Each structure stands twice: as C-alpha cells, then as structure tokens.
Amino acid sequence: MIDNKTLDIQIADSVAKLNSLFGAAPAVAVVLGSGWSGAVSLVEDAKHLSYAELAAFPQPKVEGHVNEIVVGRIGAQRVVMLRGRAHTYESGNCTGMAGALRTLKRWGVKAVLQTNASGSLRSDLPPGSLMLITDHINAPQRSPLVGEPGSERFVDMSTAYDAELRANALAVAKAQGQALGEGVYIWALGPQFETPAEIRMFAAWGASAVGMSTVPETILARHCGLRVMGLALMTNMAAGLSDEALTHALTLQQAQSSAEVAAKYLAAVVASLAELPSMQ
C-alpha cells in the first residue's frame, strides 16, 4: 500500500496525462467486469491508453482483463471505459482502485457505472440474466478507507447506488424489452468460490448475487464524491444451487455467451445519460 502523499502525486500526473491526450473528462466512466467488455466495440471515435501509462492506475493480473482505458462516445454521451480492475484477492489490499477512481474524479468524471460477473442466489435470475444492484453487503467487513484521515472517511452508504441512475437504467431496460432484475450484491473476498453453507447464509442475509469485486470500488467512489450505479451479469448459479462445479473458466465461458446482450444494454444506458440534466 502506498502512502497518500505518493498517491496524490501519481494522481496529479495521471490527470495531466489524461487532459493532454483526451481533453476535458467525460461525465461518465464505466468499469468493465467479465462479460461486459463487448461494449468497447460500440464506442465511437475510440482512443485507447494502457494503464501502464497512468501512474495512479493498477496493473491487475486476472485473466480476461485488458488493463486499458478507452475514451470515446456512445451516441451523444462521451464515456471513459476501464478494461480491468484490481481485486482484493490478488494482494489482500482492498485499496487497489483508489488511484484510478480518484484520478477520474479529479479529471472531472461525475458518475461511475460498475459492472461485474456474479453468481446468482435466485432461481428467477438464471445464468445470462442481468441484475441492477440496489444495495450491497460487505461480507468480509473490510474497507479501503481504513487509515484515511479526516471526517470524510465516515461515508454515508445509505444511498450508495444512485436512485436517479437506477431509475434511468430501469427505464432503458423497459424501452429495450430487456429483462432486468433488481437485487442486493454481496462481496466475498475470494479467490476461492463460496461454500454451499456460505451461500445459504448469504441468502438468509438478503443477497441476490455474489461476487469478488465492486464493493471496495463503490466505497472508494462514494468517498471521493462520484455517483455510482451497478450492474451484475449472472454467469452461474451459486454453490449448492446447481450440480455444476464452479471454475473461473466457467465464469468466463458464460460471460462470453452473454456478452452481446450485456454490451447492447450497457451501451443504451450510457447513451441515455446524455439526456439526464444532472449529468450535464
């Protein structure tokens, strides 16, 4: 973990590079999880930049993550897409996305749309389903804000997932005829998959989907004042809810088979944000 002074220098350097290459920031950023990267092909006038060129960005080592940003537009909405995220299970450090998210905020981004691949805890959300995240459960009870100074670290999480952005996402789904569930996402640290007993406990807590990302990023984003929306793609039924053995390869395979639907819907959501006055 690097200290805040060093990170601040890295963020300033990253913002300067983004400004020089892309000009003013788009209002919208998208973090692309497994199964969602097809949305990149729908970005017009796309320009690419490796995370390696941005001092504040991580270098994840997870199969299926490209580790680059893509800046362009979808419809009338300019957007920056992040193809790769740092996961806590890679190092034990849940602050891996702090530099990237704080860079986006300082650059001028207003909202971050988080996407992920999840295991479903509900029979009405089979593999291939899309779910709008209404809230989350931090099962490991780990926070990327531990050690942060000042009263700003006591972040209100009662409305972590922006109500206006969620309402807009539901309206887009209805207009497209796209089925979109709603539910609570629970973060499990990983990298091992959950046990059937853990899944039964998570279901009793009210979770609808489980995954190994998103929650630390949401906490970081809210801490620095970014609005957040979350979408989950169901890639499997959670442990004990089917006879299928869970593997990372299975997750990637199901994500790939659902990629076109997920990308089309995500692109429509991004394009629709150009019509929201609060995003101007």
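Refer to the structure printed above.
Attention here is on the structure that accompanies the text. Just so we're clear, the structure is a prediction, and the values are computed from it rather than from any experiment. (Residues numbered from 1 in each chain as written. Predicted model: local features only at pLDDT ≥ 70, side-chain atom pairs only at ≥ 80, totals over all residues. Heavy atoms only, no water.)

## Some points on the nonpolar core
Soluble globular proteins tend to bury their nonpolar side chains together. Test applied: For our purposes a nonpolar core is just a set of buried Ala, Val, Leu, Ile, Met, Phe, Trp, Tyr and Cys residues, chained together by side-chain atoms within 4.5 Å. Any residue under 20% of the maximum accessible area for its type is buried, any over 50% is exposed, and the rest in between are partly exposed; the area is computed with a 1.4 Å probe on protein chains only. Note on contacts: a residue pair qualifies if any of its non-hydrogen atoms lie within 4.5 Å across the two residues.
Among the nonpolar cores identified, the biggest contains 45 residues, and I69, V80, L82, L104, W107, V109 and V112 are the most heavily contacted of them. Discounting residues that sit within four places of it in the chain, W107 has contacts with V15, L18, N19, F22, G23, A24, A25, P26, V71 and V80.

## Points about the pattern of salt bridges
To keep it simple, the criterion reads: The working definition used for a salt bridge is a side-chain nitrogen of Lys or Arg within 4 Å of a carboxyl oxygen of Asp or Glu. Helix numbering and strand numbering both begin at the N terminus, where a helix is a DSSP run of H or I of at least 4 residues and a strand a DSSP run of E of at least 2.
Counted by the stated rule, this structure contains ten salt bridges. Salt-bridge contacts for R73 lead to D45; the nearest nitrogen and oxygen are separated by 3.1 Å. Linking R73 in strand 3 (residues 68-74) with D45 in strand 2 (residues 44-50), this pair joins segments that are 28 residues apart in sequence. You can call D45 exposed: its relative accessible area is 56%. Between R227 and D162 there is a salt bridge whose closest N-O contact spans 3.0 Å. Note that R227 is positioned in strand 9 (residues 227-237) and D162 in the loop between strand 6 (130-138) and helix 4 (163-176), a separation of 65 residues in sequence. In this structure R227 comes out as buried when scored by relative accessible area, which is 17%. A network of salt bridges, in which partner residues are shared, links E44, D45 and R73.

## Considerations on the environment of K105
Checked against the element boundaries, K105 lands in helix 3 (residues 98-107). Judged by relative accessible area, K105 falls into the partly exposed class, the value being 33%. A C-alpha to C-alpha distance of 20 Å links K105 and V269, two positions 164 residues apart in sequence. Sequence-distant contacts of K105, defined by excluding residues within four places in its chain, comprise C224, G225 and L226.

## Points about the environment of L233
Relative to the assigned elements, L233 resides in strand 9. When the C-alpha positions of L233 and S34 are compared, they lie 8.3 Å apart, and in sequence the two are 199 residues distant.

## Comments concerning the pairing of strand 7 (residues 181-187)
Note the following rule: Strand pairing is defined by DSSP finding a minimum of two bridges between the two strands.
Most of strand 7 is tucked away, with six of its seven residues classed as buried. The pairing of strand 6 with strand 7 spans seven bridges and is classified as parallel. Across the sheet, the residue bridging to I133 is G183, located in strand 7. Judged from the three bridges that link them, strand 7 and strand 8 (residues 209-211) form a sheet pairing that is parallel.

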